[in-house]
Amino acid sequence: MEYAPNKEAIAKRVARFFKHGDVVNLGIGLPTLAGNYVPDDVTILLQSENGMMGLGPTPKPGEGNPDLVNAGGVLSTILVGGCYFDSAVSFGIIRGGHVDYTVLGVLEVDQEGNLANYKIPGKMVPGIGGAMDLTTGAHTVIAATLHFDPKGTSRLRRKCSLPLTARGEVNYVITDLGFFEVANNKFVLKEAFAPYTLEWILEKTDADVVIADDCKTVEIL
């Protein structure tokens, strides 16, 4: 079976988690795409750790305000009723347990719920940022990542080899192959994303994976 990276499938599945009124923090890179797929009948509050609540969709090319950027320095918009605040207030919101979901990109995630999403001095990403606070402060932590790294190695591991951002904090992992829950020191496959089969996902994942009794194959449209 041929693999084709699909970031949009990941973002669309992440967006299905959110309920009306949820406070959500979307990490740098791929996770920010999830904000573009929130259903029209669901209103969430997007929080950015550089000091904003109520972020809107990504601006169209040429329409962004260079003074309005998210925590990753990417041009953003803010909805009517949104607000700005300093970093102390922003991290008070995060550390105070007021974020319902945080969605983070990863370099590695393992079956114990450990997360690695930075590497210095290798500079694979700029730095750890607010990820340590988000993983411990948010109610639910979702790791959102392409299933394979640029070398074709599974990002889902039995044990992370890179420096940890957080230990035992990941609740769910969504890749472009499927949706996994972290439970009992294993990845529990809840959904396989067509066209990938259960057997192929198990073969290509370098970790202990259990297929849930109610696991189903779904097509992410």
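Further up the page is the structure itself.
On a predicted model such as this, the values are computed, not experimentally measured, just so you know.

Draft legend 1. Examining the overall build of the protein chain more closely. Secondary structure summary: the protein chain contains four helices and 13 strands in total. Computed over the C-alpha atoms, the radius of gyration of the protein chain is 17 Å, within 12% of the 17 Å expected from 2.2 N^0.38 for a compact globule of 221 residues. A separation threshold of at least 6 residues defines the contact pool for the protein chain, and within that pool the share at least 24 residues apart is 61%. As displayed, the protein chain offers around 11,000 Å² of accessible surface, 52% of which is attributable to carbon and sulfur atoms. Between the mean site of the 19 positive side-chain charges and the mean site of the 26 negative ones, the protein chain shows a separation of 5 Å.

Draft legend 2. Spotlight on the pairing of strand β1 (residues 23-26). Neither face of β1 is left uncovered, since the one carrying Val-23 and Asn-25 and the one carrying Val-24 and Leu-26 both have all their residues buried. Note that β1 and strand β5 (residues 101-104) share three bridges and pair parallel. Bridging from a neighbouring strand, Asn-25 pairs with Thr-102 of β5.

Draft legend 3. Focus on the nonpolar core. Val-109, Val-170, Val-173, Phe-180, Phe-187 and Ile-201 are the most contacted members of the largest nonpolar core, which has 34 residues in total. If you list the elements that add at least two residues to this core, you get α2 (87-95), α3 (131-137), β8 (140-144), β11 (178-183), β12 (186-193), α4 (198-204) and β13 (209-218). When neighbours within four sequence positions are excluded, Val-170 is seen to be in contact with Val-109, Gly-113, Leu-115, Val-141, Ala-143 and Val-182. Ranked by size, the runner-up nonpolar core spans 27 residues in total, among them Val-14, Phe-17, Met-52 and Leu-68.

Draft legend 4. Representation of unusual backbone geometry within the structure. Cis rather than trans, the peptide bond between Ala-194 and Pro-195 has omega equal to 10°. With respect to the secondary-structure elements, Pro-195 resides in the loop between β12 and α4. The backbone phi angle of Asn-184 is positive, close to 55°, even though this residue is not glycine. With relative accessibility at 70%, the residue Asn-184 sits in the exposed group. At Asn-185, a residue that is not glycine, the phi angle is positive and equals roughly 60°. With respect to the secondary-structure elements, Asn-185 resides in the loop between β11 and β12.

Draft legend 5. Layout of the layout of surface pockets. Estimates place the volume of the second largest pocket at around 210 Å³. A breakdown of the residues in the lining of the second largest pocket according to their chemical character gives eight nonpolar, three polar and one charged.

Draft legend 6. Broad picture of the packing of aromatic side chains. Scanning the model with the defined rule gives 10 aromatic pairs in all. Aromatic pair Phe-17 and Tyr-101: ring centres 5.9 Å apart, planes at 65°, arrangement edge-to-face. Of the two residues, Phe-17 is situated in the loop between α1 (7-15) and β1 and Tyr-101 in strand β5; the sequence distance between them amounts to 84 residues. Where Tyr-196 meets Trp-200, the ring centres are 5.2 Å apart and the plane angle is 20°; that geometry is what we call stacked. An aromatic cluster is built from Phe-17, Phe-18, Tyr-101, Tyr-172 and Phe-179, whose rings are joined through pairwise contacts. Over the ring of Phe-179 we find Arg-13; its NZ or CZ atom is 4.5 Å from the centre of that ring.

Draft legend 7. The arrangement of α2 in detail. Every buried residue belonging to α2 is among Ser-90, Phe-91, Ile-93 and Ile-94, and all of these are buried. Here the buried residues of α2 occupy an arc of 150° about the axis, which is enough to place them on one side. More than 90 degrees from the buried face of α2, the exposed residues found are Ala-88 and Arg-95. Where α2 is buried, its residues meet β2 (45-48), β3 (52-55) and α3. The N-cap of α2, judged by a side-chain oxygen 3.2 Å from the amide nitrogen of Ala-88 a few residues on, is Asp-86. Taken from the residues just after α2, Gly-97 is the one with a positive phi, measuring 80°.

Draft legend 8. Broad picture of the sheet that holds β1. Pairing is mixed in the open sheet, where 10 strands are placed in the order β4-β3-β2-β1-β5-β8-β10-β11-β12-β13. Of all the strands in the sheet, the pair left with one neighbour each is β4 (78-84) and β13. Neighbour-to-neighbour, the strand axes of this sheet turn through a mean angle of 25°, independent of strand direction. With three bridges joining them, β1 and β2 adopt parallel strand pairing.

Definitions and cut-offs
Throughout, residues of each chain are indexed from 1 in the direction in which the sequence is written. Whole-chain, interface and lining totals are the exception, using all residues; otherwise, since this is a predicted model, local features are given only for residues with pLDDT of at least 70 and side-chain atom pairs are given and counted only at 80 or more. Hydrogens and water molecules were not included; the side-chain quantities draw on all heavy atoms of the structure. Comment: elements are numbered from the N terminus, with helices defined as DSSP H or I runs of at least four residues and strands as E runs of at least two. The atom set for the radius of gyration is the C-alpha atoms, and the globule formula is 2.2 Å times the number of residues raised to the power 0.38. We call two residues in contact when some of their heavy atoms are within 4.5 Å. Each accessible area is a Shrake-Rupley estimate made with a 1.4 Å probe; only the visible protein chains count as cover when residues are assessed. Charge assignment in this entry is limited to Lys and Arg as positive and Asp and Glu as negative, and neither His nor the chain termini are counted. Positions of charges follow a simple convention, taking NZ of Lys, CZ of Arg, CG of Asp or CD of Glu. Any residue under 20% of the maximum accessible area for its type is buried, any over 50% is exposed, and the rest in between are partly exposed; the area is computed with a 1.4 Å probe on protein chains only. For two strands to be treated as a pair, DSSP must find at least two bridges joining them. For the purposes of this section, nonpolar cores are sets of buried Ala, Val, Leu, Ile, Met, Phe, Trp, Tyr and Cys residues that join through side-chain atoms within 4.5 Å. A cavity here means a set of points on a 1 Å grid, drawn over the protein atoms and nothing else, where a 1.4 Å probe fits but cannot get out; a pocket is an open set with protein on both sides within 12 Å along at least five of seven lines, and a residue lines either one if it has an atom within 4 Å of a point. Grid points are joined across faces, edges and corners, and a volume is the space filled by probe spheres set on the points. Here the term charged refers only to Asp, Glu, Lys and Arg, the term nonpolar to Ala, Val, Leu, Ile, Met, Phe, Trp, Tyr, Cys and Pro, and the term polar to all other amino acids, Gly among them. To pair, rings of Phe, Tyr and Trp, with the six-membered ring standing in for Trp, must have centres within 6.5 Å; the planes then decide the type, stacked if under 30 degrees apart, edge-to-face if over 60, and tilted in the middle. Consider the ring centre and the ring normal. A charge sits over the ring if Lys NZ or Arg CZ is within 6 Å of that centre and within 35 degrees of that normal. Along the arc lie the directions from the helix axis toward the C-beta atoms. Side-chain atoms alone can form a polar contact between residues adjacent in sequence; in general such a contact is a pair of N or O atoms within 3.5 Å, and within protein one must be able to donate a hydrogen while the other accepts it. Every axis in this analysis is a line fitted to C-alpha atoms, fitted for helices over the stretch in contact. Angles between the N-to-C directions lie between 0 and 180 degrees.

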